[in-house]
Amino acid sequence: MAALLLLGFILFHLLIKKPERVGMPVMETRLEAVADAGHFTVKKLEGEAYYPDSPAWAYHFTYAYPSLEGENYTAALINDTFDLALGETKDIALPMFAGNAKDGEKWEVNHDFSVLCNTDRLLSILTRQIWARADGLASRTLEAQTFNVFGDTAGDVMTLRGVALIQAGADPKALDAVTAEALPDYPRIVAGSSDRMEEKLLPALYQQFLELQSSGVIRQDADRGDYEMEFSPARDFYALPDGRIAFFFPPALLSEPSFDVPTFAFTVEEIEGLL
């Protein structure tokens, strides 16, 4: 996932878009982090760097990445995931971009995160990234990752189906072998896939897309193709501590630049019903 985001930023620099308009819309729902207290103690790994390291810098990078406290293997695996993502930006992408920057070009790059779920079964982290140029050109992205924190696959990033199974009460130690008998209320999720869930969620949430477009929250020039290109329910989701799964529209669909994106929370029962 981090590699895909890095590729996206490279393409963004090569295919310059029109500057975003200023202003903040009234959004349907705000993304709010739960307290960092929970199954893990999550600290912020913060820092900044200039590229090149001189008064004539082209890129200024400020960041905050999650760092889980504890000596256990699961915390180490999750920390490695975010260390890798930080390193790809800090040690690969930004030095490359700075080496090709035009004279006088100035970029402010900021990465930050929120903890959305921190239970003894799942950890969801939402990362916010903005690349903004002095002339107003800017790119905003949101990336959510949900980790299993219990069982043999603890520390792994979970698929949408995997998260749904855990939220439904499946044993995290045996997700590959879960049966309809073990979860009699969720036979379609058990027999299904993340792709199947996306196939059903896309048309369900498209009606919300149209309503938000009518109210001015979604870009007026965005059509069904843009919706399906920018939004993927199998990617743009995170777990909630109450057992639901939240899906969010990406900033690229909004009329005005913001990280306060529309979100839609589903119970596992509601997802089963859609299937």
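As the structure is a computational prediction, the values presented were derived from the model and not from experiment.

Moving on: the pattern of salt bridges. Counted under the stated rule, the structure contains 12 salt bridges. Note that Lys90 is salt-bridged to Asp91, the shortest N-O span being 3.4 Å. Exposure remark for Lys90: the relative accessible area of 24% places this residue in the partly exposed category. A salt bridge links Arg244 to Asp242, with the shortest nitrogen-to-oxygen separation between them at 2.8 Å. In the salt-bridge network here, residues are joined through shared partners; they are Lys44, Asp112 and Arg128.

The description of two aromatic rings rests on the distance between their centres and on the angle between their planes. Inspection of the entire model under this criterion finds 19 aromatic pairs. Where Phe237 meets Phe247, the ring centres are 6.5 Å apart and the plane angle is 45°; that geometry is what we call tilted. Taken as a pair, Phe237 in strand β6 (residues 237–239) and Phe247 in strand β7 (residues 245–248) lie far apart in primary sequence, 10 residues in all. With respect to burial, Phe237 and Phe247 carry one shared label: buried.

On to helix α2 (residues 73–99), then. Compared with an ideal rise of 1.5 Å per residue, which puts 27 residues at 39 Å, α2 spans 38 Å between its outermost C-alpha atoms and is within 8% of the ideal. Maximum bend of α2: about 35°, positioned at Ala93, with proline Pro95 one to four residues after it. Residue Asn72 occupies the N-cap position of α2, its side-chain oxygen lying 3.2 Å from the main-chain nitrogen of Thr74.

Procedures and definitions
- Residues numbered from 1 in each chain as written.
- Predicted model: local features only at pLDDT ≥ 70, side-chain atom pairs only at ≥ 80, totals over all residues.
- Heavy atoms only, no water.
- Salt bridge = Lys/Arg side-chain N within 4 Å of Asp/Glu carboxyl O.
- Buried < 20%, exposed > 50% of the residue type's maximum accessible area, 1.4 Å probe, protein only.
- Phe/Tyr/Trp six-rings, centres within 6.5 Å; stacked < 30°, edge-to-face > 60°.
- Helix = DSSP H or I, 4+ residues; strand = E, 2+ residues; numbered from the N terminus.
- Expected span 1.5 Å × (residues − 1).
- Bend = angle between axes of the 7 residues up to and from the residue.
- Polar contact = N/O pair within 3.5 Å; in protein donor to acceptor, adjacent residues only side chain to side chain.

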